[in-house]
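Take a look at the letters that make up each chain.
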Amino acid sequence: MANVVAMTGTNTTLMPNLDEARRAIAANIVALEIAFPAGRSRDKDERDVSAAIYMQAISGIEPAIVVHVLKALRYHNPRNPFPPTPQDVYESSNKTVGALRSAVLTYGSINYQWPPSSNELPRGWFANVGASLFEPTCIVSDALATTWLSEAFRHAWPDNTLKQFLNFGWRDLESAGGLWSEQLQRLRQFNKLPAKVVDLATAATVETALAHLDKLQGEIASARTAEKLRREQKYGRQIFSNAEFDNADRIGDDPC
């Protein structure tokens, strides 16, 4: 029992090897059964089979995420007073991965958001999720976050899209309006991510694209200023204060 308590108290986001990860997961599976002892007692063979089914349920999911799910189920157990089933663990683990992926992509494509949230998981599920993305003890490893972000980047900015943008003139950008503004905002956000999210060749293209964007936006501002001056020279000043507009209304109402 003491060993179980010691293991479950380990900082599971820092697991230097697979054996430690397996021990932490096994300890937390046992802890679930201890926390919810209702039901008939089982012999060792049955417990071993049960543990193997639990392990299959979380196969392929990062150990730190699994341990977080097992701990969260102690306080959000749909079977209370009985232990959660392997199906509960499987579904909760996959929903947790989905919520974490969504939070990582939000970080990468729009703006930073942590901790994650999900309507499919109980309130407080991520209350003790730990450090932020790309910090040493984050529940999502750098490798997994990089994989998700790289996939999102390739989807949002395939090579042909970046090359297309590099051929834009300022009129193309202005006429596209909001269609490109959101994409370019995401491009700027991706450019702030660790370099390993995109390969070096693509990173260089991104830098070129952003420099091109700055140039085009400067040209748009200059063109708008020039157009404003042209209109003022042709039609006179077109901007009036509220008082001038009010006075103009009164003059228009006065009988001749």
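Each value, and the rule that gives it
- Residues numbered from 1 in each chain as written.
- Predicted model: local features only at pLDDT ≥ 70, side-chain atom pairs only at ≥ 80, totals over all residues.
- Heavy atoms only, no water.
- Core = buried A, V, L, I, M, F, W, Y, C linked by side-chain atoms within 4.5 Å.
- Buried < 20%, exposed > 50% of the residue type's maximum accessible area, 1.4 Å probe, protein only.
- Helix = DSSP H or I, 4+ residues; strand = E, 2+ residues; numbered from the N terminus.
- Contact = heavy atoms within 4.5 Å.
- Expected span 1.5 Å × (residues − 1).
- pLDDT = per-residue confidence, 0-100.
- Axes fitted to C-alpha atoms, helices over the stretch in contact; angles between N-to-C directions.
- Parallel < 35°, antiparallel > 145°, perpendicular 65-115°, else oblique.
- Left-handed = near helix turned anticlockwise from the far one by under 90°.
- Arc of directions from axis to C-beta.
- Nonpolar A, V, L, I, M, F, W, Y, C, P; charged D, E, K, R; others polar.

Student: So what exactly am I meant to see when it comes to the nonpolar core here?
Tutor: If you look at soluble globular proteins, the nonpolar side chains tend to sit buried side by side. Judged by nonpolar contacts, the single largest core of 56 residues is most densely connected at Ile139 and Val140. Of all the secondary-structure elements, those providing two or more residues to this core are helix 2 (18-35), helix 4 (63-75), helix 5 (86-109), helix 6 (142-156), helix 7 (159-166), helix 9 (178-191) and helix 10 (200-235). No other element matches helix 4, which puts 8 residues into this core. In contact with Val140, other than residues within four places in its own chain, are Glu62, Leu100, Val104, Trp114, Leu133, Ala145 and Trp148.

Student: What exactly am I supposed to notice about helix 2 here?
Tutor: Since one α-helical turn is 3.6 residues long, residues separated by three or four positions face the same way. Here helix 2 contains 18 residues, and its C-alpha end-to-end distance of 26 Å stays within 8% of the 26 Å for a straight helix at 1.5 Å per residue. Along helix 2, the residues classified as buried are Glu20, Ala21, Ala24, Ile25, Ala27, Asn28, Ile29, Ala31, Leu32 and Glu33.

Student: I tried to follow the confidence of the model for the protein chain on my own but got confused; where do I start?
Tutor: Low-pLDDT portions of the prediction should not be read for the details of their coordinates. In this model, the protein chain carries an average pLDDT of 76, and 75% of its residues clear a pLDDT of 70 or more. The lowest-confidence element of the protein chain is helix 1 (residues 2-8), averaging 33 in pLDDT; the highest-confidence one is helix 4, averaging 93. The low-confidence segment residues 1-14 (pLDDT under 50) makes 25 contacts with residues lying over four places distant or belonging to another chain. Scored below 50 in pLDDT, residues 251-256 shows 0 contacts in the model against residues more than four places distant or in partner chains.

Student: Is there a simple way to explain the packing of helix 2 against helix 3 (residues 44-57) in this structure?
Tutor: In a packed pair of helices, the relevant descriptors are the angle between the two axes and the axis-to-axis distance. Packing of helix 2 against helix 3 brings their axes to within 11 Å, and their N-to-C directions diverge by 120°. Classified by the interaxial angle, the pair formed by helix 2 and helix 3 is oblique. In this structure, helix 2 meets helix 3 at a crossing whose hand is right-handed. Residues Ile25, Ile29 and Glu33 of helix 2 touch helix 3, and the partners they reach there are Ser50, Ala51, Tyr54 and Met55.

Student: Would you mind going over the side chain of Asn77 with me for this structure?
Tutor: Mapped onto the elements of the fold, Asn77 is located in the loop between helix 4 and helix 5. Once you skip the residues sitting within four places of it in the chain, Asn77 turns out to touch Phe36, Phe82, Pro83 and Pro84.

Student: How should the environment of Thr205 be read in this particular structure?
Tutor: Within the secondary structure layout, Thr205 lies in helix 10. With 39 residues separating them along the chain, Thr205 and Leu166 place their C-alpha atoms 9.0 Å apart.

Student: So what exactly am I meant to see when it comes to helix 3 here?
Tutor: If you check helix 3, its first and last C-alpha atoms are 20 Å apart, about what 14 residues at 1.5 Å a residue would give, namely 20 Å. Looking only at helix 3, the buried set comprises Ser50, Tyr54 and Ala57. Around the axis of helix 3, the buried residues are gathered within 55° of arc, so they sit on the same side. Opposite the packed face of helix 3, turned more than 90 degrees from it, sit the exposed residues Lys44, Asp45 and Gln56.

Student: Where do I start with the packing of helix 2 against helix 4 in this structure?
Tutor: At a closest axis distance of 10 Å, the pairing of helix 2 and helix 4 adopts a crossing angle of 15°. For the element pair helix 2 / helix 4, the angle class is roughly parallel. The interaxial crossing formed by helix 2 with helix 4 has left-handed handedness. Between helix 2 and helix 4, the residues in contact are Ala21, Ala24, Ile25, Asn28, Ile29, Ala31 and Leu32 and Pro63, Val66, Val67, Leu70, Lys71, Leu73 and Arg74, respectively. Here the contact of helix 2 with helix 4 is composed, by residue class, of 11 nonpolar, 1 polar and 2 charged.

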